Amino acid sequence: MRLKIRVLISIIVFYVFYCVYFYSTETLERSEWTCQGDSNRSTVCEFTHFCIDKWHGPFIYTDSPQSPPSINMINTGSDEDMWLTPAVVNTPRRVRYIDDTLMVYGLYAPFHFSHYLYNGLLPLFSTLREHNMTRPQWLLRTTTYKSKYTKVDMQVFPGVHDVILENGDAPYIPLCFAKAIVGTGDRCSLWYCERDIPQVHLDEFKHQLNAQLVSQDDACLQNVQTYGSGGSALTIAILNRHHSRYITNVPELIDTLRQHYPKATIHLLNFDDGCDLRSTAHLLESVDVFIAPFGNALGAGLFMKPNAIVISIDARWYTEDWFYWPLTSVGVRLYHFPCERASCQEYEPALVRSLAPHYSQEDIVKVMTLEAPDGVDRLVVEYYRKDVSRKVDIERFIPFLNSRLNTTQYYCNDACRKAIERHQTQHLYDLVNE
């Protein structure tokens, strides 16, 4: 008798679950697609009835003899391309259906703030704007290049559902969307992307973030140290790093700036203390001059006003042109200020040992002290110069800053001219000092 009752209960439970499943799902319809782009790498495709589940990942239902396209999901150079080809099922099935548009994208190195911003978030935002998706509800990240399982800040899309394949977010029961936009078309503000990001999309991105309120109790804002009376319109922000590329004479720099600009407001920033996109945008939106060691944080110049100044503090014998490209796209003037003499050099033998544990003491000294050392690995030298601590050559810095503040012209080298020409940043183009 007990066995019969258990069997009956099992049948009832199964029937209830089947009814819930049947009445909460629909029969999947056939997919169709269209694609646009000047090349395979810059292709963006639009699908109808686009689905995802645990078993297939992204998939479509079609009996067409034509295979679905492969779409590049990464916005970088061709060596880093990662392609998505939706799986195909040949028979209809029951699915959960959402009458909305899904945006399918990939990210490049989201652990790195500037790569996340310029190679990931901005291309995604631009693609959404291009397809008139002002408040997306559903995103699907299928691909991450150099992931490190970084938690990604998506505050620019309030309330969005971000489904991430590598996190195991795909559902067991297929989830299907009326439409999907797949790919971002290899667009970014760097030279290696086939498509540039329109100026209007960059402005909208900044406006959307700046419109979001930031609590005065925000940890990032609480850690700002402010100097000066604020009696003039000039606001200077200094960012230091603590794990590498540390500027060792920031207190002296602040004292000297206060002597030469007694009415200026000077903020000392620390992006390591809970700074997200909103608080970073809030900190920099009214800054006139942003001073930081070369690297990731320079990308925050995106949030500054047009014609503002970013100064990269470079170690001796090391500089890069990378940040000219994204910063000129938003009309910001970037200048590199390298150490040009031994008095502003710092020496870190422990850093050389971490890069090349087998180096002799003689090799370590070569890496630290010679412009073109022989007998050592060029990459070790490059990585050392990129990450070593540094000083600001204050004797040279104040005349350098004065000359930039006292003119609206942009003292621009060949690298930044190329970037301005690509972006057609007209107001900077007009200011370039020939």
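About the cut-offs
Residues numbered from 1 in each chain as written. Predicted model: local features only at pLDDT ≥ 70, side-chain atom pairs only at ≥ 80, totals over all residues. Heavy atoms only, no water. pLDDT = per-residue confidence, 0-100. Helix = DSSP H or I, 4+ residues; strand = E, 2+ residues; numbered from the N terminus. Contact = heavy atoms within 4.5 Å. Expected span 1.5 Å × (residues − 1). Bend = angle between axes of the 7 residues up to and from the residue. Buried < 20%, exposed > 50% of the residue type's maximum accessible area, 1.4 Å probe, protein only. Pairing = 2+ DSSP bridges. 1 Å grid on protein atoms, 1.4 Å probe; cavity = no way out; pocket = protein on both sides within 12 Å on 5 of 7 lines; lining within 4 Å. Points joined across faces, edges and corners; volume = space filled by probe spheres on them. Phe/Tyr/Trp six-rings, centres within 6.5 Å; stacked < 30°, edge-to-face > 60°. Lys NZ or Arg CZ within 6 Å of the ring centre and 35° of its normal.

A few points about the confidence of the model for the protein
- Confidence along the protein averages 89 in pLDDT terms, with 91% of residues attaining 70 or more.
- Within the protein, the lowest mean pLDDT, 55, falls on helix α1 (residues 2–23), and the highest, 97, falls on strand β15 (residues 289–293).
- Ignoring residues within four places in sequence, the model shows residues 15–21, a span with pLDDT below 50, making two contacts including any to other chains.

Observations regarding helix α2 (residues 113–130)
- End to end, α2 covers 24 Å across 18 residues, agreeing with the expected 26 Å (1.5 Å per residue, within 8%).
- Along α2, the helix axis deviates most sharply at L121, where the bend reaches about 30°; the proline P123 sits within four residues downstream.
- With 16 of 18 residues buried, α2 is to be regarded as a mostly interior element.
- At the exit of α2 stands N132, carrying a positive phi of roughly 60°.

Brief notes about unusual backbone geometry
- A positive phi is found at D186, a non-glycine position, where the angle reads about 50°.
- Mapped onto the elements of the fold, D186 is located in the loop between β11 (175–182) and α3 (199–210).

Considerations on the pairing of strand β4 (residues 57–61)
- Taken across its five residues, β4 has five buried, putting it largely inside the fold.
- The hairpin turn running from strand β3 (residues 44–53) into β4, its antiparallel successor, is three residues long.

Overview of empty space enclosed by the protein
- One pass over the full model with this rule turns up one cavity of 30 Å³ or more.
- In this structure, the largest cavity encloses a volume near 100 Å³.
- For the largest cavity, the lining is made up of 14 residues, of which A315, R316, Q345, E346 and V388 are closest to its centre.
- Every element with two or more residues in the lining of the largest cavity is listed here: α9 (361–369) and α10 (378–387).

Topic: the packing of aromatic side chains
- On inspection of all chains with the given rule, the structure shows 19 aromatic pairs.
- Ring centres of W55 and Y172 lie 5.6 Å apart, and the angle between their planes is 55°; this geometry places the pair in the tilted category. Taken together, the positions of W55 in the loop between β3 and β4 and Y172 in the loop between β10 (161–164) and β11 put the pair 117 residues apart, joining distant regions of the chain.
- The exposure class assigned to W55 is exposed, which follows from its relative accessible area of 61%.
- Taken together, the ring pairs in this structure connect Y118, F294, Y318, W322 and F323 into an aromatic cluster.
- The ring of Y335 carries R404 above its face, with NZ or CZ at 4.8 Å from the centroid.
- Above the face of the Y411 ring, R404 is positioned so that its terminal group lies 4.9 Å from the ring centre.

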